[in-house]
Amino acid sequence: MAGAGLRTTAWRWMLCGGNGGPRAAWSSSSCPGCGPPGPGVPCPGGTRPVLNLAPAGGTDPSAHLWARYQDMRRLVHDLLPPEVCSLLNPAAVYANNEISLSDVEVYGFDYDYTLAQYADALHPEIFGAARDILIEHYKYPEGIRKYDYNPNFAIRGLHYDIQKSLLMKIDAFHYVQLGTAYRGLQPVPDEEVIDLYGGTQHIPLYQMSGFYGKGPSIKQFMDIFSLPEMALLSCVVDHFLGHGLEFDQAHLYKDVTDAIRDVHVKGLMYQWIERDMEKYILRGDETFAVLSRLVNHGKQLFLITNSPFSFVDKGMRHMVGADWRQLFDVVIVQADKPSFFTDRRKPFRKLDEKGSLQWDRITRLEKGKIYRQGNLFDFLRLTEWRGPRVLYFGDHLYSDLADLMLRHGWRTGAIIPELEREIRIINTEQYMHSLTWQQALTGLLERMQTYQDAESRQVLAAWVKERQELRCITKALFNPQFGSIFRTFHNPTYFSRRLVRFSDLYMASLSCLLNYRVDFTFYPRRTPLQHEAPLWMDQLCTGCMKTPFLGDMAHIR
């Protein structure tokens with residue numbers, strides 16, 4: 001059992017490392033990893049067991065490369081323990097920043113997709129209603145009605161280039177991930193994407209999304225409600241292109257966006273949910289448990305949502321009970337976020353029990369009362385809830401969290417429902433083996449690239465091809481078109497970078513808090529920066545490690 005535990009530890013170090021984990025079979029020769037890779041480089045780290053990367057005298061270089069390849073395959077197989085496929089917990093809370101809940105006195109919440117989690121069955125309804133609005137009110141072709149909602153087409157966090165009708169995935173460095181650009185429902189060849197952007201995959205920052213994900217020509221789809229919007233946009237473009245119909249890209253984009261907006265403005269979505277709350281609202285009992293526990297431990301609660309009172313009231317009665325307002329010290333509806341956080345001009349208005357507006361001036365925010373609109377500056381003045389003792393949860397990184405963290409110093413928690421599914425995929429044996437071998441193969445390419453004879457270049461080209469195939473396989477495990485919402489092939493996505501920037505904590509649902517004490521301290525894991533790579537498993541196999549614990553680990557197989 002001890003050996004299995006050590007093997008698990010070694011595997012974890014390898015997976016967390018820089019560019020690829022262990023490199024090849026163990027031997028007692030000198031270590032080329034300490035300097036430029038290749039034969040004949042002395043190792044300052046001594047002669048303890050290291051990887052033999054240099055060919056023996058007279059050995060064909062290509063045969064040597066393939067031998068190292070096979071050694072690496074065996075090593076990766078040996079380092080993957082059976083229990084490796086259950087490392088991550090989908091119900092965990094993940095920390096970007098250290099935060100102690102004992103310091104938090106006030107908890108705030110958004111409503112949609114935060115307190116109330118909705119079933120995916122809502123998305124086909126939104127898609128179908130908006131599609132029919134386009135046909136019946138905007139006079140779009142009847143042929144669009146043949147399209148149904150495809151839940152497996154798009155993912156959250158994608159960007160849409162309005163003038164090019166291009167839906168695509170962009171990484172944290174503003175590069176388009178090749179193979180993830182679609183016009184309509186058809187993939188756009190990589191060469192065409194590069195040509196469209198002046199010979200590069202890079203999108204200049206001034207063309208990118210602004211602070212709230214809405215740039216001059218590119219829109220980022222950040223909330224879960226945008227999934228049916230992306231699907232409808234792609235279907236409409238597909239119909240126009242497939243039938244050779246001319247159209248103005250900006251007009252089409254605006255019409256689809258307006259049709260989706262009409263579904264919300266006209267209250268259609270609210271009606272569907274109110275009609276069958278058992279079908280559409282998930283984890284209501286868990287939401288009640290979270291709120292009750294916080295109140296029982298003396299925490300103050302508030303709600304700030306863009307949804308109307310009648311809708312929120314019915315949903316909260318379903319999840320919590322008729323006296324749900326007694327759990328909250330302040331309730332604000334139709335807040336008009338994100339302008340609620342930046343616009344000082346809009347005053348609070350009180351609503352009566354029937355939801356009608358009152359005209360009296362608001363000088364304090366009372367428990368059990370309902371308020372509409374307002375602004376954060378009056379909220380702070382009236383409540384004196386400021387700084388890191390406030391923790392606010394929401395699902396929209398821009399509209400819910402960005403201003404609160406960057407401008408007001410609140411702690412923030414992001415609700416990312418997709419996290420649960422992605423972690424379950426990460427925990428599969430197929431993903432673990434694919435990623436680990438991909439990392440190891442990348443390491444081989446990095447160290448063996450000094451072999452530049454003709455036969456060696458053919459070997460390296462074969463490895464590059466295999467690596468690309470592995471990346472595509474790994475991507476397709478999450479979504480065939482766009483992959484994971486958190487990563488491109490290697491880099492974090494634009495969405496993922498914003499998640500780290502705007503949230504202290506993130507989790508699949510609010511119910512994840514039930515797994516922790518109310519005074520629990522969350523510590524972010526120290527992940528390696530590139531210049532810290534020698535401290536990680538990626539360098540262990542070179543024999544260069546001086547740290548005793550890590551040096552000892554180099555002997556583990």
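Sequence order as written defines the numbering, with residues in each chain counted from 1. Local features are withheld for residues below a pLDDT of 70 in this predicted model, meaning they are given only at 70 or higher, and side-chain atom pairs are given and counted only at 80 or more; totals for whole chains, interfaces and linings count all residues. Each side-chain value is worked out from all heavy atoms of the structure, with water and hydrogens disregarded.

The name given to the protein in an unreviewed UniProt entry is 5'-nucleotidase domain-containing protein 2 isoform X1, and the organism recorded there is Chrysochloris asiatica. UniProt positions are given in the numbering used here, feature names are shortened, and annotations may be inferred rather than shown by experiment. One UniProt comment on the protein, placed under Sequence similarities (unreviewed entry), says "Belongs to the 5'(3')-deoxyribonucleotidase family."

Novice: What's the story with the UniProt feature "binding site: GMP" (unreviewed entry) in the protein in this structure? I'm lost.
Specialist: Under the present numbering, the feature "binding site: GMP" (unreviewed entry) in UniProt falls on Asp112. When you line up the elements, Asp112 lands in the loop between β5 (106-109) and β6 (117-118). Any residue under 20% of the maximum accessible area for its type is buried, any over 50% is exposed, and the rest in between are partly exposed; the area is computed with a 1.4 Å probe on protein chains only. Residue classification places Asp112 among the buried positions, given a relative accessible area of 11%. We call two residues contacting when some pair of their heavy atoms lies within 4.5 Å. Setting aside its immediate chain neighbours within four residues, Asp112 contacts Tyr118, Phe225, Thr305, Ser307, Phe311 and Asp395. Reaching out from Asp112, the side chain makes a polar contact with the side chain of Tyr118 at a distance of 2.4 Å. Numbered from the N terminus, helices here are DSSP runs of H or I no shorter than four residues, and strands are runs of E no shorter than two. Contacts described as polar in this section are N or O atom pairs within 3.5 Å, which, within protein, must combine one atom able to donate a hydrogen with one able to accept it, while residues neighboring in sequence count only if both atoms come from side chains.

Novice: Is there a simple way to explain the packing of aromatic side chains in this structure?
Specialist: For any two aromatic rings, the description comes down to two numbers: the centre-to-centre distance and the angle of the planes. Here a Phe, Tyr or Trp ring, Trp counted by its six-membered ring, pairs with any other such ring whose centre lies within 6.5 Å, and the pair is stacked when the planes are under 30 degrees apart, edge-to-face when over 60, and tilted otherwise. Scanning all chains against the criterion turns up 36 aromatic pairs. Note on Phe302 and Tyr392: the rings are 5.9 Å apart at their centroids and 20 degrees apart in plane angle, and the pair reads as stacked. A residue pair is termed long-range when its members are at least 10 positions apart, and Phe302 in strand β13 (residues 300-304) and Tyr392 in strand β17 (residues 390-394) qualify at 90 residues. Neither residue differs from the other here; Phe302 and Tyr392 are each classed as buried.

Novice: What is the right way to look at helix α15 (residues 454-478) in this model?
Specialist: One turn of an α-helix holds 3.6 residues; hence residues three or four places apart share an orientation. In this model α15 runs 38 Å from its N-terminal to its C-terminal C-alpha over 25 residues, within 8% of the 36 Å that 1.5 Å per residue would give. Along α15, the residues that are buried comprise Ser456, Val459, Leu460, Trp463, Glu466, Leu470, Arg471, Thr474, Lys475 and Phe478. On its buried face, α15 is in contact with α2 (61-79), β9 (176-183), α13 (418-426) and α14 (429-448). In a helix, the anticipated span is given by 1.5 Å times the number of residues less one.

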